[in-house]
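Breakdown of the fold
Read off the chains here:
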Number of protein chains: 2
Amino acid sequence: MTTPYHHGNLRSALVDAGLELARAKGPDGVVLREVARRVGVSHNAAYRHFADRDELLLEIADRGMTELSRAMQARLDALPDELDAVSRARRRLQEVGRGYVDFALAEEGLFAAAFSCFAEKVADGSDPESGPYELLTAALDDLVEVGYLDTSRRPGAEVACWAAVHGFSLLHLEGPLRVVAPADREAALTGLLDTMDRGLGRPVR
Amino acid sequence: MTTPYHHGNLRSALVDAGLELARAKGPDGVVLREVARRVGVSHNAAYRHFADRDELLLEIADRGMTELSRAMQARLDALPDELDAVSRARRRLQEVGRGYVDFALAEEGLFAAAFSCFAEKVADGSDPESGPYELLTAALDDLVEVGYLDTSRRPGAEVACWAAVHGFSLLHLEGPLRVVAPADREAALTGLLDTMDRGLGRPVR
DNA sequence: ACCGCATGTGGACGGCGTCAACATTAGTGA
DNA sequence: TCACTAATGTTGACGCCGTCCACATGCGGT
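Here's a quick rundown of the structure.

1. Here's the deal with the interface of chain B and chain A
On the side of chain A, 34 residues touch chain B, which itself brings 34 residues to the contact. Carbon and sulfur atoms supply 72% of the area that chain B and chain A bury against each other, a total of about 2,800 Å² over both sides. Our count for the chain B to chain A interface comes out at two salt bridges. When the shortest N-O distance is used, the salt bridge between arginine 153 of chain A and aspartate 194 of chain B registers 3.4 Å. Broken down by secondary-structure element, the contributors of at least two residues to the side of chain B that touches chain A are α7 (157-173) and α8 (182-200) of chain B. In terms of residue count, α7 of chain B provides more of the side of chain B that touches chain A than any other element does, eleven residues in total. Among the residues making up the side of chain B that touches chain A, the classes are represented as 20 nonpolar, seven polar and seven charged.

2. Here's the deal with the protein's contact with DNA strand D
As a matter of local geometry, DNA strand D sits amid 24 residues, with Arg33, Arg37 and Asn44 of chain A together with Asn44 and Arg48 of chain B nearest to it. Within 4 Å of the protein, the atoms of DNA strand D are drawn from sugar and phosphate moieties in a proportion of 53%. In this structure, asparagine 44 of chain B approaches DNA strand D through a side-chain N or O atom, which is 2.6 Å from a base oxygen. Per element, the largest residue contribution to the surface near DNA strand D is three residues, and it comes from helix α2 (residues 32-39) of chain A.

3. Topic: the relation of the copies chain B and chain A
What relates the pair of chain copies is a rotation about an axis plus a shift along that axis. Between the two copies, chain B and chain A, the superposition gives an RMSD of 0.0 Å; the rotation angle is 180 degrees and the shift along the axis is 0.0 Å. What the superposition gives is, in effect, a two-fold axis relating one chain to the other. Both copies present the same face, since 100% of the interface residues in chain B are matched by interface residues at the equivalent positions in chain A.

4. A look at the side chain of arginine 185 of chain B
All names here are of chain B. Structurally, the position occupied by arginine 185 is in helix α8. Buried arginine 185, no salt bridge; nearest opposite-charge side chain is glutamate 108, N-O distance 7.8 Å. A polar contact is formed between the side chain of arginine 185 and the backbone oxygen of valine 180, at a distance of 3.4 Å. In contact with arginine 185, not counting residues within four places along its chain, are Leu105, Phe168, His172, Leu177, Arg178 and Val180.

5. Things to note about the nonpolar core
Formed by 126 residues in total, the largest nonpolar core has its most connected members in Phe111 and Leu140 of chain A together with Phe111 and Leu140 of chain B. Discounting residues that sit within four places of it in the chain, leucine 140 of chain A has contacts with Leu93, Leu149, Arg154, Ala157, Glu158, Cys161 and Leu200 of chain A.

6. Some words on helix α2 (residues 32-39) of chain B
Among the residues of α2 of chain B, those classed as buried are Leu32, Val35, Ala36 and Val39 of chain B. Down the axis of α2 of chain B, the sector holding all buried residues measures 100 degrees, keeping them to one side.

Parameters and conventions
- Residues numbered from 1 in each chain as written.
- Chains lettered and ligands numbered in written order.
- Predicted model: local features only at pLDDT ≥ 70, side-chain atom pairs only at ≥ 80, totals over all residues.
- Heavy atoms only, no water.
- Contact = heavy atoms within 4.5 Å.
- Buried area = accessible area lost by both parts, 1.4 Å probe.
- Salt bridge = Lys/Arg side-chain N within 4 Å of Asp/Glu carboxyl O.
- Helix = DSSP H or I, 4+ residues; strand = E, 2+ residues; numbered from the N terminus.
- Nonpolar A, V, L, I, M, F, W, Y, C, P; charged D, E, K, R; others polar.
- Near = heavy atom within 4 Å.
- Polar contact = N/O pair within 3.5 Å; in protein donor to acceptor, adjacent residues only side chain to side chain.
- Least-squares fit on C-alpha atoms with pLDDT ≥ 70 in both.
- Buried < 20%, exposed > 50% of the residue type's maximum accessible area, 1.4 Å probe, protein only.
- Lys, Arg positive; Asp, Glu negative; His and termini not counted.
- Core = buried A, V, L, I, M, F, W, Y, C linked by side-chain atoms within 4.5 Å.
- Arc of directions from axis to C-beta.

If you want it as structure tokens, here you go:
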């Protein structure tokens, strides 16, 4: 048996191949026929496992989201113990943001793919917890608990933070800022995170 | 002569048709053959005026940028005179941000198209001035002049502001926040702009 | 041993961007 | 005035894509 007629677990093989395409060329690089080619299977074989291309892309997006979460969590875990609770909480929020942006810039294609499927599907409860959003929420809750973020300013805080890092990533990824040097980019990110920290924090400092 | 062999000014007709497509269906809706069909000309006719599809899209993006600028400028112009200079400057920055987001949400397709061409072209000096970036820069300069924004925090401020409103727009346009109700969205935007204002402003308030 | 159903194949269709060869016309210089 | 050239538009083809259909294959239960 050179290659058996039935692949065994085509589905996950397709997802893996698609993931690689997405990593290298973004969501548009996930071409059904190319995915099939890479797995060594005929075009159309994928239709036994996915209704259409979008459904495959959705699965890939899900994996991408998970990887993003992991990258962010890793940064949190690597954080040294801070002296006081307030500094620690503030630092954690910064790290959440930095993890988001770093992943976006490092895994350009996968990041784009992860956000390419919200037009059709509306996130069918994909992130029960531990998603990027949950990490951000936890960080902000900490900030409240510790007394740095006033409860009156708590609602809308996640959207503000998310928007800031998401926009920063996209402007540098596919936007007009894609040409700025990494050093300048780093400085700008520091400035952005500092601005958010100041904007959320108590007036007293 | 029913329809003359030579169109007269095909180029601008193509751009107009493409603009309409972009408005209705975003950058992916700008299909060369469909554009030609709408103008009543054969496919391929466009190749006498544009090297390829991307070149047409680039022109469309440029127009979109201009419209964005105009929408923002209009909001600034409509602003009532404020009592003191500081309030006025702060208010202007808010309005710049609100104009950006409002346009993005109102002209979804065109906004997306305007930002869809930075991968190939690197903005060949398209915005000499009066672009969205210039409006933001002017607003921030005012903030410095008026004494609200410290010069030490001035560098990077435009990137921070831009990232915030850009991210906010995209999260609601093609991202996970596309399902939030307009009222909540409005509240979140107010919160975001307030956070940026606090983050940039002097500690004293 | 058999059969049904899941899984994979091959071919076709229409739509796309693009290229090359050809047709038509507008302007220009003699 | 008139022919020629360059600009502009057309036709047809190619290879790619996603998707649908009919058909082939073989695994698992009876």
